[in-house]
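# Structural characterization, general
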Amino acid sequence: MTAQPSVSYSITVRLEAPARGSAVSHLTRVVEEAGGALTALDVSGSGNERLRIDATIAASSSEHAKRITEAIDAIDGIEVGRVSDRTFLLHLGGKIEMQSKVPLRNRDDLSMAYTPGVARVCMAIAQNPEDARRLTIKRNAIAVVTDGSAVLGLGNIGPQAALPVMEGKAALFKRFAGIDAWPICLDTQDTEEIIRTVKAIAPGFAGIKLEDISAPRCFEIERRLREQLDIPVFHDDQHGTAIVVLAALTNALRVVGKEIGQVRIVGSGAGAAGTAILRLLREAGAKDITVADYLGVVHAGRDDLGGPDSDLRWVAQNTNPGGYTGTLREALAGADVFIGVSAPSILTGDDIATMAPDAIVFALANPDPEVDPAAAQEHAAVVATGRSDFPNQINNVLAFPGVFRGLLDAHGHKVSQTMLLAAARALADVVKEDELNANFIVPSVFNPDVAPAVAAAVREAVDGKK
């Protein structure tokens, strides 16, 4: 799959060019010939003989940006100065900050916000711990917790390298749901120590969002924290992904006129996301699901399923009604739906051609999907990816801000399958009937109705449990 220029690899090149002549028009042509996209050309200084120009250019990779810069530098009369990576500039100093909600203008303000007045508030909470939600930031605070072991598609890069992602998630919480989220990057990958640490910091938060923790440890960490804490614990790689996948599939099935209980679904990936998607699809009424991992189709006869409580054994016991024992490609033939959360380029357009008519393909490996989306579109009726440069992006930001907004507003203590199902249905319904088509099965992340709709559904689900 040929990568297209993207704003995530955009650069600003400061250069000087002759005030007269064709150097500037030559610049535009050279950028285009090098495969870049010139998105802005700003004159930042002018003299009788020379112009200082800031050229903003989208590239497809860091190496591509370097090649474009070298091509510009080779233009006669142009001198390249500073080259700025716009993504790195955005991250300088971090993306989030803490601000006081109350003014501290004088001694009276200080005496109430801090000592001695704050002591009275402390004692009120000591006498009635429930007041912590009313009198502190706890009511609107989420901990975004990672150990850096499974960051995006980058793998085990550690807690410090994971911090930009956690900051990003915190910024998304604030932007889309008004929630104060705090990045917590733990310098341990020991399951027991992670559980102890999260339990120890839990009093300051109304919810825990686990992020980028590798399978299978993430399953046990989430399960035990849910058992031991009285605040909701949500693993975004599992449950956020599952919500958006089910919402998108609901609408994709509407497009092709099929029912979830009647289609045959094949999944690639039996890790955290794959297992969570499977559980929620079953909750929604899917009956015929087959899952494959890197060893082939998961079935009860495999000798690598683990103990009686392992998630892979659960997958084997609750899928594959057709008794497949071969490869992903073999299982895919005749299937109505493919959902991939696994590895890049494991399928071809020819494989998609073996699927049933009006097939649905969700190739969600990032940044490179399981199958080239363009090749999949030649044979499938609906195609979705995890990428922002193709239609139908399956993006977790459609789910987690609204889920936590609803949980916090309802003082929810647990995350349930019923709640996840309600969130998925509400998200699907944001796409109106007159908007729905093969290239629009999920709403934009900037649709103002998304987070409120999901939050309302979660609140109703929580209230239904009370």
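Up top you'll find the structure we're talking about.
Let us look at the structure shown here. (Residues numbered from 1 in each chain as written. Predicted model: local features only at pLDDT ≥ 70, side-chain atom pairs only at ≥ 80, totals over all residues. Heavy atoms only, no water.)

### A look at the side chain of H235
Within the fold, H235 resides in strand β8 (residues 233-235). The exposure class assigned to H235 is buried, which follows from its relative accessible area of 1%. Of the polar contacts made by the side chain of H235, one reaches the side chain of Q238; its length is 2.6 Å. Non-local contacts of H235, meaning those with residues more than four positions away in its chain, are made with L210, E211, D212, I213, C218, E222, G240 and A272. (Helix = DSSP H or I, 4+ residues; strand = E, 2+ residues; numbered from the N terminus. Buried < 20%, exposed > 50% of the residue type's maximum accessible area, 1.4 Å probe, protein only. Polar contact = N/O pair within 3.5 Å; in protein donor to acceptor, adjacent residues only side chain to side chain. Contact = heavy atoms within 4.5 Å.)

### Observations regarding unusual backbone geometry
Residue T115 is joined to P116 through a cis peptide bond whose omega torsion reads 5 degrees. As for its position among the elements, P116 is in the loop between α4 (107-113) and α5 (117-127). Geometrically, the link from A215 to P216 is a cis peptide bond, its omega value of 5 degrees lying close to zero. With phi around 55 degrees, D212 is a residue other than glycine that occupies positive phi space. Looking at the element boundaries, D212 is found in the loop between β7 (207-210) and α9 (217-228). With relative accessibility at 3%, the residue D212 sits in the buried group.

### With respect to the pairing of β7
Here β7 shows no split at all, with G207 and K209 on one side and I208 and L210 on the other all buried. Here strand β5 (residues 141-146) pairs with β7 via 4 bridges, running parallel. In the sheet register, A143 faces β7, and the bridge partner there is I208. Relative to β8, β7 runs parallel, the two being bridged by 3 bridges. Across the sheet, I208 pairs through a bridge with V233, a residue of β8. After leaving β7, the chain enters α9 and then returns to the sheet as β8, a path that is right-handed. (Pairing = 2+ DSSP bridges. Right-handed = clockwise from strand over helix to strand, strands pointing away.)

### Remarks on the nonpolar core
Core analysis: the largest hydrophobic core is formed by 78 residues, its most contacted members being I243, L249, I265, L281, I339, I360 and F362. Apart from residues no more than four positions distant in its own chain, L249 is found in contact with I260, I265, L281, V337, I339, I360 and F362. Residues I195, A202, L210 and I231 belong to the second largest nonpolar core, which totals 20 residues. (Core = buried A, V, L, I, M, F, W, Y, C linked by side-chain atoms within 4.5 Å.)

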